[in-house]
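Next come the chains, spelled out residue by residue.
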Amino acid sequence: MGEGKVYTLAEVSEHSNPKDCWLVIDGKVYDVTKFLEDHPGGDDVLLSATGKDATDDFEDVGHSTSARAMMDEFCVGEIDSATIPSKVKYTPPKQPHYNQDKTSEFIIKLLQFLVPLIILSVAVGIRFYTKSA
C-alpha cells in the first residue's frame, strides 16, 4: 500500500484503460487493474467509474464488508480533494408568474360573482312571466 502518496484527479484520470485502471473512492486512490477480471459486476463497471470520484457509484451498489476489506490491498494513495470538482446543486431559473389566459384576477372574480347572479335573475324572470300568463 502506498497510502502516503497524494494524487491529483488528472493523474488518476490517466489510468483509465483495462491495462491500467485506477479509481477514487472515499478520498483514496485504488489500482484495480488486477481485479478487473475478478470483479463480480464485470470490468466495464470499474472502467466506467474512472476519471471521477466513484464514491457514489460504489455506495449505490451496496458492497459487502468483505468487498470493503479487499479494497485495502489495492490502495495506492490518496486523492488531493482540491482537484475534485465540487458538486453544484441545481437551481431552476427564476421565472415570473405565468397567467395562462392573460386575464386579470379581478375580472375573473367579478365574473364568478356576476354570471351566477345573471343566471339566477333570468330564471326568476322566466318563472315570473310564465306564471302571469
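For the structure itself, consult the block above.
Let me begin by describing the structure that accompanies this report. Note that the structure is predicted; figures quoted are calculated from it, not measured.

Quick notes on the overall build of the chain
Then step 1. Within the chain one finds five helices and five strands.
Then step 2. In the chain, the order of α-helices and β-strands from amino to carboxyl end is β-α-β-β-β-α-α-α-β-α.
Then step 3. Within the span of the chain, comprising 133 residues, buried residues form 21% of the whole.
Then step 4. Looking at the chain alone, contacts between residues at least 24 apart form 69% of all its contacts between residues at least 6 apart.
Then step 5. A total accessible area of about 10200 Å² is found for the chain, and carbon and sulfur atoms account for 60% of it.

Here's the deal with the nonpolar core
Then step 1. Of all hydrophobic cores here, the largest spans 15 residues; its most connected members are Leu-23, Ile-25, Tyr-30, Val-32 and Leu-46.
Then step 2. Taken together, the elements giving at least two residues each to this core come down to strand S3 (20-25) and helix H2 (43-48).
Then step 3. Among the elements that line this core, the one with the most residues is S3, at three residues.
Then step 4. One finds Tyr-7, Trp-22, Val-76 and Ile-79 within the second-largest nonpolar core, a separate group that totals eight residues.

Topic: the pattern of salt bridges
Then step 1. Going through the model one piece at a time under the given rule, you end up with two salt bridges.
Then step 2. With a shortest N-O distance of 2.9 Å, Lys-52 and Asp-57 are connected by a salt bridge.
Then step 3. Residue classification places Lys-52 among the partly exposed positions, given a relative accessible area of 35%.
Then step 4. Among the residues examined, Asp-57 registers a relative accessible area of 34% and is labelled partly exposed.

A few points about the pairing of S3
Then step 1. S3 sits mainly inside the fold: five of its six residues count as buried.
Then step 2. Note that strand S2 (residues 16-17) and S3 share two bridges and pair antiparallel. Along S3, the bridge assignment pairs Asn-17 with Asp-20.
Then step 3. Two successive antiparallel strands, S2 and S3, enclose a turn made up of two residues.
Then step 4. Sheet analysis places S3 next to strand S4 (residues 28-31), joined by four bridges and oriented antiparallel.

Some details on the side chain of Thr-55
Then step 1. Mapping Thr-55 onto the fold places it in helix H3 (residues 55-61).
Then step 2. The class of Thr-55 is buried, set by a relative accessible area of 13%.
Then step 3. Polar contacts involving the side chain of Thr-55 include one to the main-chain amide nitrogen of Asp-26, which spans 2.8 Å.
Then step 4. Thr-55 has contacts with Val-24, Ile-25 and Asp-26, leaving out every residue within four places of it along the chain.

Rules used in this analysis
- Once a new chain begins, its residue numbering starts again from 1 and follows that chain's sequence as written.
- With the structure being a predicted model, the display of local features is reserved for residues of pLDDT at least 70 and the display and counting of side-chain atom pairs for 80 or more, all residues being used for whole-chain, interface and lining totals.
- The side-chain values count all of the structure's non-hydrogen atoms but skip hydrogen atoms and water molecules.
- A run of DSSP states H or I qualifies as a helix once it reaches four residues; a run of E qualifies as a strand once it reaches two. Both are numbered from the N-terminal end.
- Note on exposure labels: buried denotes an accessible area under 20% of the residue type's maximum, exposed denotes more than 50%, and partly exposed covers the range between, all computed with a 1.4 Å probe on protein chains only.
- Throughout, a residue-residue contact means that at least one pair of heavy atoms, one from each residue, lies within 4.5 Å.
- Residue burial considers only the protein chains on display, and all accessible areas are found by Shrake-Rupley using a 1.4 Å probe.
- Working definition of a nonpolar core: buried Ala, Val, Leu, Ile, Met, Phe, Trp, Tyr and Cys residues. They are joined through side-chain atoms within 4.5 Å.
- By definition here, a salt bridge exists when the distance from a side-chain nitrogen of Lys or Arg to a carboxyl oxygen of Asp or Glu is within 4 Å.
- Should DSSP find at least two bridges between two strands, the strands are regarded as paired.
- Any pair of N or O atoms that falls within 3.5 Å is considered a polar contact. Within protein, one atom must be able to donate a hydrogen and the other to accept it, and sequence-neighbouring residues count only if both atoms are side-chain atoms.

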